[in-house]
Amino acid sequence: MLSELFLPYIRLLAPYSSARGEYQASAKEVLLDANESPWGEFNRYPDPQQARLKQALSIIWRVSPAQLILGNGSDELIDLLVRSTCRSGVDSILTFPPTYGMYKVVAAINGINVEEQCLNESFQIKLRSLSKAKLAFICSPNNPTGNLICKSRIIQFLDSFSGLTVVDEAYVDFALGEQSVVALLTRYPRLVVLRTLSKAWGLAGLRIGAALAAPEIINVLCRIKPPYNVSTPGQELALRALDEPERMRRTVQRILAERERLVGRLATLSEVEQIFPSDSNFLLVRFKDADKAYESLKSAGVIVRNRSREPSCSNCLRITIGSPEQNDKVIEVLRC
Ligand SMILES: *Cc1c(COP(=O)(O)O)cnc(C)c1O
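Predicted model only: the values in this text are computed from it and were never measured.

### Quick word on the overall build of the protein
Assigned secondary structure in the protein consists of 10 helices and 11 strands. Scaling as 2.2 N^0.38, a compact globule of 336 residues should have a C-alpha radius of gyration of about 20 Å, and the protein matches this with 21 Å. If one aligns the C-alpha atoms of the protein with their principal axes, the spans along those axes are about 70 × 50 × 35 Å. Evaluated residue by residue, the protein yields a buried proportion of 51% over its 336 residues.

Right, here's the structure in full:
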């Protein structure tokens with residue numbers, strides 16, 4: 001039973017119902033059920049099911065709407081997943097550092113242990129002794145290292161791990177070829193894939209993320225999500241952007257071209273020791289002295305992420321690919 005992956009009191013919650021949720025509101029009805037104002041442009045609560053947005057996303061991601069839950073950013077879904085599967089002070093999540101910091105932050109806030117299995121020297125997961133964690137987070141392409149995690153390793157992991165496996169694909173639209181593990185959902189019902197509109201779609205300000213999983217898992221998560229977690233303007237503006245997938249593709253192509261150009265320029269700098277291969281919209285770069293490089297960028301008004309205190313990332317900065325002018329500025333500052 002898939003629902004056994006969730007805590008008993010979560011599993012037993014009644015399906016959430018809002019007055020409006022059971023009722024497809026249309027402009028014709030007299031809506032006096034939700035204590036809203038009768039006037040204004042955004043006077044009504046948003047659709048708690050986000051039906052139109054899920055419909056549009058289900059086509060793009062080739063899943064059914066029943067396999068989707070949307071969140072206030074994928075960060076909200078990370079939080080829901082951790083809280084619904086792990087007991088405070090008892091259970092653990094499994095992560096593969098260096099990786100996205102939010103997994104650990106959410107665990108810490110909820111008093112949940114973190115089991116860490118460091119990535120190997122090529123930043124791939126190593127298959128080790130069985131973990132008793134309830135939930136594992138594999139980030140692919142990984143943040144801050146930038147590389148994809150081998151699909152065959154992910155499959156091996158899925159075959160051996162008895163908990164819920166989350167593959168965070170925040171950056172997958174930047175990877176070449178068909179790299180998503182979404183197609184594995186039918187074969188691996190304990191798999192959850194995270195996606196976001198914050199990166200390739202350029203909509204970080206809207207705060208819209210998604211989890212893709214078996215309907216049974218989605219069902220449980222929908223019971224515990226805040227009902228109105230995606231605003232009406234958020235849903236509408238996202239729909240508008242999704243209507244132009246070619247535009248997203250073009251943006252991704254521009255960023256990839258800029259990434260290649262930046263790699264070429266960085267490679268000529270004596271301060272740069274190593275540029276790690278990237279399948280994402282950022283570069284992990286090892287410097288002779290990362291703190292010094294970070295400070296000179298900062299004094300010139302260029303803010304990057306200093307990752308040099310992360311495991312295997314000594315003297316490394318994570319640099320997001322910006323516009324051509326922004327990238328030129330990075331080079332200009334680092335050259336002197
Ligand atoms: C940026 C990022 C997210 C996105 O989070 P949102 O809350 O959807 O903006 C998720 N996972 C990783 C690894 C990220 O780097």
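### Here's the deal with the packing of aromatic side chains
Throughout the structure, instances matching the rule amount to 7 aromatic pairs. Seen from their ring centres, Phe 96 and Phe 157 are 5.7 Å apart, and the 85° between their planes marks the pair as edge-to-face. Of this pair, Phe 96 sits in the loop between strand 2 (92-95) and helix 4 (102-109) while Phe 157 sits in helix 5 (residues 151-160), placing them 61 residues apart in sequence. Residue Phe 96 shares its accessibility class with Phe 157, and that shared class is buried. On the numbers, 4.4 Å between centres and 10° between planes, the contact of Tyr 103 with Phe 137 is stacked. Taken as a pair, Tyr 103 in helix 4 and Phe 137 in strand 4 (residues 135-139) lie far apart in primary sequence, 34 residues in all. Accessibility expressed as a relative area gives 0% for Tyr 103, which makes it buried. Three or more aromatic residues link up through ring pairs in this structure, and these residues are Phe 96, Phe 157 and Phe 161. The ring centre of Phe 282 lies 5.7 Å from the NZ or CZ of Arg 318, which sits over that ring.

### Here we look at the site of the ligand
Taken together, the neighbourhood of the ligand is formed by 13 residues, with Tyr 171, Thr 196, Ser 198, Lys 199 and Arg 207 sitting nearest. Take Thr 196: an N or O atom from its side chain is 2.6 Å from an oxygen atom of the ligand. Side-chain polar atom of Ser 198 to an oxygen atom of the ligand: 2.6 Å apart, as the coordinates give it. Burial of the ligand by the protein amounts to 94% of the accessible area it has alone, namely 390 Å².

### Comments concerning the side chain of Ser 180
Relative to the elements of secondary structure, Ser 180 occurs in the loop between strand 5 (164-168) and strand 6 (191-196). A polar contact is formed between the side chain of Ser 180 and the side chain of Glu 169, at a distance of 2.8 Å. In terms of polar contacts, Ser 180 uses its side chain to reach the backbone amide nitrogen of Val 182, at 3.0 Å. Setting aside residues up to four positions removed in sequence, Ser 180 forms contacts with Lys 151, Glu 169, Val 172 and Arg 195.

### Let's talk about the pattern of salt bridges
For the structure on display, the rule yields 13 salt bridges. Residue Lys 104 is joined to Glu 116 by a salt bridge in which the shortest nitrogen-to-oxygen separation is 3.2 Å. Highlighted residues: Lys 104 in helix 4 and Glu 116 in strand 3 (residues 113-116), separated in sequence by 12 residues. A relative accessible area of 45% means that Lys 104 is categorised as partly exposed. Where Arg 261 meets Asp 328, a salt bridge forms, and the shortest distance between an N and an O atom there is 2.9 Å. Separated by 67 residues along the polypeptide, Arg 261 in helix 8 (residues 245-266) and Asp 328 in helix 10 (residues 324-335) bring together distant segments of the chain. Via salt bridges that share partners, Glu 258, Arg 261, Arg 265 and Asp 328 belong to a single interconnected network.

### Some remarks on the nonpolar core
Judged by nonpolar contacts, the single largest core of 72 residues is most densely connected at Leu 191, Leu 197, Leu 212, Leu 266 and Leu 317. For this core, the element with the highest residue contribution is helix 8, accounting for 6 residues. Beyond its immediate chain neighbours, meaning those up to four positions away, Leu 197 contacts Leu 57, Trp 61, Gly 202, Leu 203, Ala 204, Ile 208, Ala 238 and Leu 242. One finds Leu 135, Phe 137, Ala 211 and Ile 218 within the second-largest nonpolar core, a separate group that totals 32 residues.

### Some points on the sheet that holds strand 11 (residues 316-320)
Read from one edge of the open sheet, 4 strands run 8-9-11-10, paired in antiparallel fashion. Both edges of this open sheet fall to strand 8 (272-275) and strand 10 (305-306), since each of them pairs with a single strand only. Judged from the 2 bridges that link them, strand 10 and strand 11 form a sheet pairing that is antiparallel. Paired with Asn 306 across the two strands is Leu 317, which belongs to strand 11. Here helix 9 (residues 290-299) sits on the sheet and contacts strand 9 (282-287), strand 10 and strand 11; the angle it forms with strand 11, its principal contact strand, is near 35°.

### Brief notes about unusual backbone geometry
Residue Pro 97 is joined to Pro 98 through a cis peptide bond whose omega torsion reads 0°. Tracing the chain through its elements places Pro 98 in the loop between strand 2 and helix 4. Geometrically, the link from Asn 143 to Pro 144 is a cis peptide bond, its omega value of 15° lying close to zero. By the secondary structure assignment, Pro 144 is in the loop between strand 4 and helix 5. The phi dihedral of Arg 62 is positive, around 55°, even though this residue is not glycine. Along the polypeptide, Arg 62 turns up in the loop between helix 2 (51-61) and strand 1 (68-72). Judged by relative accessible area, Arg 62 falls into the exposed class, the value being 71%.

So, how was this worked out
Residues numbered from 1 in each chain as written. Predicted model: local features only at pLDDT ≥ 70, side-chain atom pairs only at ≥ 80, totals over all residues. Heavy atoms only, no water. Helix = DSSP H or I, 4+ residues; strand = E, 2+ residues; numbered from the N terminus. Rg over C-alpha atoms; globule rule 2.2 N^0.38 Å. Buried < 20%, exposed > 50% of the residue type's maximum accessible area, 1.4 Å probe, protein only. Phe/Tyr/Trp six-rings, centres within 6.5 Å; stacked < 30°, edge-to-face > 60°. Lys NZ or Arg CZ within 6 Å of the ring centre and 35° of its normal. Near = heavy atom within 4 Å. Polar contact = N/O pair within 3.5 Å; in protein donor to acceptor, adjacent residues only side chain to side chain. Areas by Shrake-Rupley, 256 points an atom, 1.4 Å probe, with all protein chains shown as cover. Contact = heavy atoms within 4.5 Å. Salt bridge = Lys/Arg side-chain N within 4 Å of Asp/Glu carboxyl O. Core = buried A, V, L, I, M, F, W, Y, C linked by side-chain atoms within 4.5 Å. Pairing = 2+ DSSP bridges. Axes fitted to C-alpha atoms, helices over the stretch in contact; angles between N-to-C directions.

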